[in-house]
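# Structure assessment
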Amino acid sequence: TRFRHLFTDDLPFKALAGIFAIATWAWVQGEQVVEASVRARILWNWPSDLALVDDVPESLLVTVSGSQVFVRNVRQSDLRIPVDMSDAQSGLTWVDFRERAITNLPQNVRVSGLSPSTVEVELDTKTTRRVPVVAELTGEPATGYRLVASTVEPDHVEVEGPKSLLAGIKEAHTEFVDIAGKKEDLSEEVGLALTTRRIRRTGKKAFRVDVDLEPVTTVKTFESVPIVVRSKEWEAEVNMVRVVLDGPVAALSGVSADQLTLV
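Residues numbered from 1 in each chain as written. Predicted model: local features only at pLDDT ≥ 70, side-chain atom pairs only at ≥ 80, totals over all residues. Heavy atoms only, no water.

### Focus: the overall build of the protein
Scanning the protein from terminus to terminus reveals five helices and 15 strands. For the protein, with 263 residues in total, the buried portion stands at 27%. Of the contacts made within the protein by residues no fewer than 6 positions apart, 72% connect residues no fewer than 24 positions apart. When the accessible surface of the protein is summed, it comes to about 17,700 Å², and 52% of that surface belongs to carbon and sulfur atoms. (Helix = DSSP H or I, 4+ residues; strand = E, 2+ residues; numbered from the N terminus. Buried < 20%, exposed > 50% of the residue type's maximum accessible area, 1.4 Å probe, protein only. Contact = heavy atoms within 4.5 Å. Areas by Shrake-Rupley, 256 points an atom, 1.4 Å probe, with all protein chains shown as cover.)

As structure tokens, then:
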């Protein structure tokens, strides 16, 4: 049929046309210039006797341009930017990433932008300091109970960091221990909650926080408590007495005068 001839006639010519079309599409794709943004890890190398005062970025955004084929390869590359600060001095300095080489960057790809392109770095003398550890508690004990004391073991810790930051550290705090609704003493192992990553503890041992709780006591007075004499040979001189009870709030809160009898 005529419809069949459309597919069977001039097969060599049609095959050649198909190959040409595919080649043209591939050439267009390869020559088309596109942009893409990918992350590059920053490989910092710090001096052993200095410490960072503020956080610095661990990666930056690299914008590259080039043919679509090569730019596609960038997404699969582990881009890195080595930054050697081993000879840096104490104080402020600027790092310009535009002056740094990017490793693992495919050929035929051009870097058109970095974000951030520069960063301020502040270094200070690295030092250590021994400070007391304070237990951090959250929540309130159950009704009728109160916090007596909390202790931490070990009660001191050695921390390390830049001298300027350690100067303001008077004590270190544990992670939170929740005592909400508790009625009994408790003991938990927790870590240290440091306010900045620039300060760290030198050891790894966990801290044990012991919390001592006790019932809240009160005094409750009942003015007219009846007297019952069980022996027929005896009788009371008065029918009512005043009774004062001392005990936990939780226990006494539900006690009323009509529940009491003096026997």
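That covers the picture; the talk isn't over yet.
### Some remarks on the layout of surface pockets
Computed from the structure, the largest pocket encloses a volume of approximately 320 Å³. Taken together, 18 residues make up the lining of the largest pocket; nearest its centre are W46, A51, L52, R197 and R198. Only β2 (50–52), β7 (118–138) and β9 (156–162) provide two or more residues apiece to the lining of the largest pocket. Sort the elements by how many residues they give to the lining of the largest pocket and β2 lands first, with three residues. Here the residues of the lining of the largest pocket are counted per class, giving ten nonpolar, one polar and seven charged. (1 Å grid on protein atoms, 1.4 Å probe; cavity = no way out; pocket = protein on both sides within 12 Å on 5 of 7 lines; lining within 4 Å. Points joined across faces, edges and corners; volume = space filled by probe spheres on them. Nonpolar A, V, L, I, M, F, W, Y, C, P; charged D, E, K, R; others polar.)

### Things to note about the pattern of salt bridges
Pairing between side chains of opposite charge can happen when their charged atoms approach one another. The tally for this structure, following the rule as stated, stands at ten salt bridges. The shortest N-O distance in the salt bridge between D78 and R80 comes to 2.9 Å. Here E214 and R146 are joined by a salt bridge, their closest N and O atoms 2.3 Å apart. Of this pair, E214 sits in strand β13 (residues 207–215) while R146 sits in strand β8 (residues 145–153); the two residues are 68 residues apart in sequence, bridging distant segments of the chain. (Salt bridge = Lys/Arg side-chain N within 4 Å of Asp/Glu carboxyl O.)

None of this, on its own, says anything about what the molecule does.
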